[in-house]
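Listed below are the residues making up each chain.
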Amino acid sequence: MNILVTGGAGYIGSHTCVALLEAGHSVIVADNLSNSKIETIHRIKEISNKDVLFYQIDVTDEQAVEAIFAKHALDGVIHFAGFKAVGESVERPLHYYYNNLVSTMVLAKVCQHYGVHRFVFSSSATVYGENEVPFKESMELLPTTNPYGETKAMSERILMDIAHANPKFSVALLRYFNPVGAHESGFIGEAPNGIPNNLMPFVTKVAKGELDKLRIFGDDYNTVDGTGVRDYIHVMDLAEGHVAALDHLDEGAHIYNLGTGEGTSVLQIVKTFEEANGIEIPYEIVDRRPGDIAYCYADASKAQKALGWTAKRDLKAMCTDAWRFEKQYQALVDMK
Ligand code: NAD
Ligand code: UFG
């Protein structure tokens, strides 16, 4: 299939481009590079030994999106483009609502106009709110604590309503748990600007000596060791989940959790990283981070049954692959 990947220069999008190319699909990337680098596109081509078409456009710009649809016979869209920093979304709500909602609506509108019926959307486990674990797709969603989470819940609703009104429209709403790690080549990975918000990129910066220690946000949760529990999933497993979703896309809107079904605490991540890479990670326990919950992990059985997809890579691989990328990352910056 000929797939338009919005946000394809970003962390999850770039790995998904590799998985799509490996599965024999053709890829066209649309990205404004607001949180990514053009070098990543070169690296996708290098890893896969295939060509990728790239358009530097903003996907809230309807004319620019339409020009791509007019030029290429597309079979489907995977929509990753969006802003994702939870804290920033509280400070700049309009920025988040505008970018994340308008991009989704523009794409859906142009898809309808051009008769492109396959649509895969990046949602997040954050839409469950503080629900009972494991999180199941059938659960009623609870309010999230931030505008970012609301943009995901609202985008899901918009796409479900469009699918309801247009029986041919086939949408997969993929709720990601915590993607970590990198392609095993170490060529592409997660490279956030500034001080990372997320655990694994913070840990790799500490391992590199760029940050002096990890701050663990609370050890008084009701969990195995008091630290927060999450469902970490290797980004290549997540990427392959998109290919499976695209291959099995049926009419209507379908929600799938993409997680492993396993919960891991912050201290367990630190220990696994230290053992896997032979590097000590100094840490201190600090106050809880506002908005954090104790537990977040998936019931991953629906995707397994319906898509024949399941996460294969373990925590050790997530830690070694994340570290391999971090060690090579400066070369990516220098080449820009
Ligand atoms: P990322 O920031 O690395 O990638 C997003 C890409 O979209 C970037 O390359 C950015 O330049 C681009 N972009 C943003 N707005 C755009 C616009 N208006 N037009 C064109 N390009 C635009 O983020 P990621 O981690 O790869 O996340 C991808 C998607 O998955 C996002 O929608 C995110 O909300 C969602 N998600 C991520 C996580 C996570 O932990 N990383 C978890 C759940 C859901
Ligand atoms: N943590 C620390 N120290 C840090 C960073 C994180 O102790 O420096 C802890 C958090 O308190 C949490 C765990 O590590 O217990 C994971 O935190 P992340 O920030 O890596 O991830 P979150 O689970 O908070 O959120 C992520 C994405 C969201 C997405 C959500 C979906 O950042 O965008 O997963 O599950 F919505």
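Remember, predicted model here, so these are calculated numbers, not experimental data.

(A) Local environment of the overall build of the chain. Helices and strands together make up the secondary structure of the chain, namely eleven helices and 14 strands. The buried share among the 336 residues of the chain stands at 53%. For the chain, restricting intrachain contacts to residue pairs at least 6 apart in sequence, the fraction spanning at least 24 positions comes to 79%. Roughly 14700 Å² of accessible area belongs to the chain as shown, and the carbon and sulfur atoms make up 49% of that amount.

(B) Region of the structure containing the site of ligand 1. Not every one of the 26 residues close to ligand 1 is listed here, only the nearest: Asp 31, Asn 35, Ser 36, Asn 99 and Tyr 148. At a separation of 2.8 Å, an oxygen atom of ligand 1 approaches a polar side-chain atom of Lys 84. Lys 152 is positioned with one of its side-chain polar atoms (N or O) 2.9 Å from an oxygen atom of ligand 1. Considered on its own, ligand 1 offers 820 Å² of accessible surface; in the complex 95% of this is hidden by protein. Of all elements in the fold, only helix 1 (11-22), strand 5 (118-124) and helix 6 (147-165) reach the threshold of two or more residues within the shell around ligand 1. In terms of residue count, the dominant contributor to the shell around ligand 1 is strand 5 (three residues). Split by residue class, the shell around ligand 1 holds eleven nonpolar, eleven polar and four charged.

(C) Main features of the sheet that holds strand 14 (residues 295-296). Across the sheet, which stays open at both edges, the three strands sit in the order 12-9-14 with mixed pairing between neighbours. Since the sheet does not close on itself, it has two edges, and those belong to strand 12 (264-265) and strand 14, each with one partner. Alignment of strand 9 (residues 229-230) against strand 12, held across two bridges, turns out to be antiparallel. Note that in strand 12 the partner of Arg 230 across the bridge is Thr 264.

(D) View of the pattern of salt bridges. Tallied over the entire structure, the rule returns 19 salt bridges. With a closest N to O distance of 2.9 Å, Asp 299 and Lys 136 form a salt bridge. Taken together, the positions of Asp 299 in the loop between strand 14 and helix 10 (301-307) and Lys 136 in the loop between strand 5 and helix 6 put the pair 163 residues apart, joining distant regions of the chain. On the basis of relative accessibility, which here comes to 37%, the residue Lys 136 falls in the partly exposed class. A salt bridge links Lys 205 to Glu 326, with the nearest nitrogen and oxygen atoms 2.9 Å apart. A residue pair is termed long-range when its members are at least 10 positions apart, and Lys 205 in helix 7 (residues 199-208) and Glu 326 in helix 11 (residues 315-335) qualify at 121 residues. Of the two residues, Lys 205 and Glu 326, neither departs from the other in class, the shared state being buried.

(E) Spatial organisation of unusual backbone geometry. With an omega of -5°, the peptide bond running from Val 133 to Pro 134 counts as cis. Along the chain, the position of Pro 134 falls in the loop between strand 5 and helix 6. A positive phi angle, near 60°, is found at Leu 33, a position not held by glycine. Note on placement: Leu 33 falls in the loop between strand 2 (26-30) and helix 2 (39-48). Here the phi dihedral of Asn 49 falls at roughly 60°; this positive angle occurs in a residue that is not glycine. As for its placement among the helices and strands, Asn 49 is situated in the loop between helix 2 and strand 3 (53-55).

(F) Main features of the sheet that holds strand 3. Taken in spatial order, the seven strands of this open sheet run 3-2-1-4-5-6-11, and their pairing is parallel. Lying at the two open borders of the sheet, with one neighbouring strand each, are strand 3 and strand 11 (252-258). Strand-to-strand twist across the sheet, computed as the mean angle between neighbouring axes with direction ignored, equals 20°. By the bridge criterion, three bridges tie strand 2 to strand 3 in an arrangement that is parallel. Its bridge partner being in strand 3, Val 29 is matched across the sheet by Phe 54. Packed on one face of the sheet, helix 8 (residues 235-247) meets strand 1 (2-6), strand 4 (76-79), strand 5, strand 6 (170-176) and strand 11 and runs near 160° to strand 6.

(G) Structural view of helix 3 (residues 62-71). If you check which residues of helix 3 are buried, you get Ala 64, Val 65, Ile 68 and Phe 69. The arc enclosing the buried residues of helix 3, seen along the axis, measures out at 140°, which places them on a common side. In helix 3, the exposed positions that point more than 90 degrees away from the buried face belong to Gln 63, Ala 70 and Lys 71. Lining the buried residues of helix 3 we find strand 1, strand 2, strand 3, strand 4 and helix 5 (93-114). Between a side-chain oxygen at the N-terminus of helix 3 and the backbone nitrogen of Gln 63 the separation is 3.2 Å; the capping residue is Asp 61.

(H) Structural context of the UniProt feature "domain: NAD-dependent epimerase/dehydratase" (unreviewed entry) in the chain. As recorded in UniProt, the feature "domain: NAD-dependent epimerase/dehydratase" (unreviewed entry) lies at residues 3-259. The straight-line gap between the two end C-alpha atoms of residues 3-259 is 24 Å; of that span, 40% is helix and 19% is strand.

(I) Structural detail: the site of ligand 2. Inspection of the region around ligand 2 gives 21 residues, with Ser 124, Asn 198, Arg 215, Arg 230 and Asp 292 positioned closest. Within the side chain of Asn 198, an N or O atom sits 2.7 Å from an oxygen atom of ligand 2. Interatomic distance of 2.6 Å between a side-chain N/O atom of Asp 292 and an oxygen atom of ligand 2. Summarising the interface, the protein chains cover 89% of the accessible area of ligand 2, which totals 680 Å² for the free molecule. For the shell around ligand 2, the secondary-structure elements that each account for two or more residues are helix 7 and strand 8 (214-217). Its residues placed into classes, the shell around ligand 2 shows ten nonpolar, six polar and five charged.

Quick notes on the rules
What you see as residue numbers is a count from 1 along each chain, following the sequence as written. Going through the entries in the order they are written, you letter the chains from A and number the ligands from 1. Owing to the predicted nature of the model, reporting of local features is limited to residues with pLDDT of at least 70; listing and counting of side-chain atom pairs is limited to 80 or more, with chain, interface and lining totals taken over all residues. Where side-chain values are given, they derive from all heavy atoms of the structure, hydrogens and water being excluded. By the criteria applied, helices consist of DSSP H or I runs no shorter than four residues and strands consist of E runs no shorter than two, each listed in order from the N terminus. Whether a residue is buried, partly exposed or exposed follows from its accessible area with a 1.4 Å probe, protein chains only, as a fraction of its type maximum: under 20%, in between, or over 50%, in that order. By definition in these notes, contact holds between two residues if any of their heavy atoms fall within 4.5 Å. Calculation of accessible area relied on Shrake-Rupley with a 1.4 Å probe; when residues are assessed, cover is drawn exclusively from the protein chains displayed. Proximity criterion: a residue is near a molecule or strand once any of its heavy atoms comes within 4 Å of it. Polar contacts here mean pairs of N or O atoms no more than 3.5 Å apart (in protein, one a potential hydrogen donor and the other a potential acceptor; neighbouring residues in sequence count only if both atoms are side-chain atoms). Under the scheme applied here, ten amino acids are nonpolar (Ala, Val, Leu, Ile, Met, Phe, Trp, Tyr, Cys and Pro), four are charged (Asp, Glu, Lys and Arg), and all others, including Gly, are polar. When DSSP finds two or more bridges between a pair of strands, those strands are recorded as paired. Just to be clear on terms, a salt bridge is a Lys or Arg side-chain nitrogen sitting within 4 Å of an Asp or Glu carboxyl oxygen. Note on geometry: axes are C-alpha line fits, over the in-contact stretch for helices, and angles between N-to-C directions span 0 to 180 degrees. Working note: the arc is built from the helix axis to C-beta atom directions. UniProt positions are given in the numbering used here, feature names are shortened, and annotations may be inferred rather than shown by experiment.

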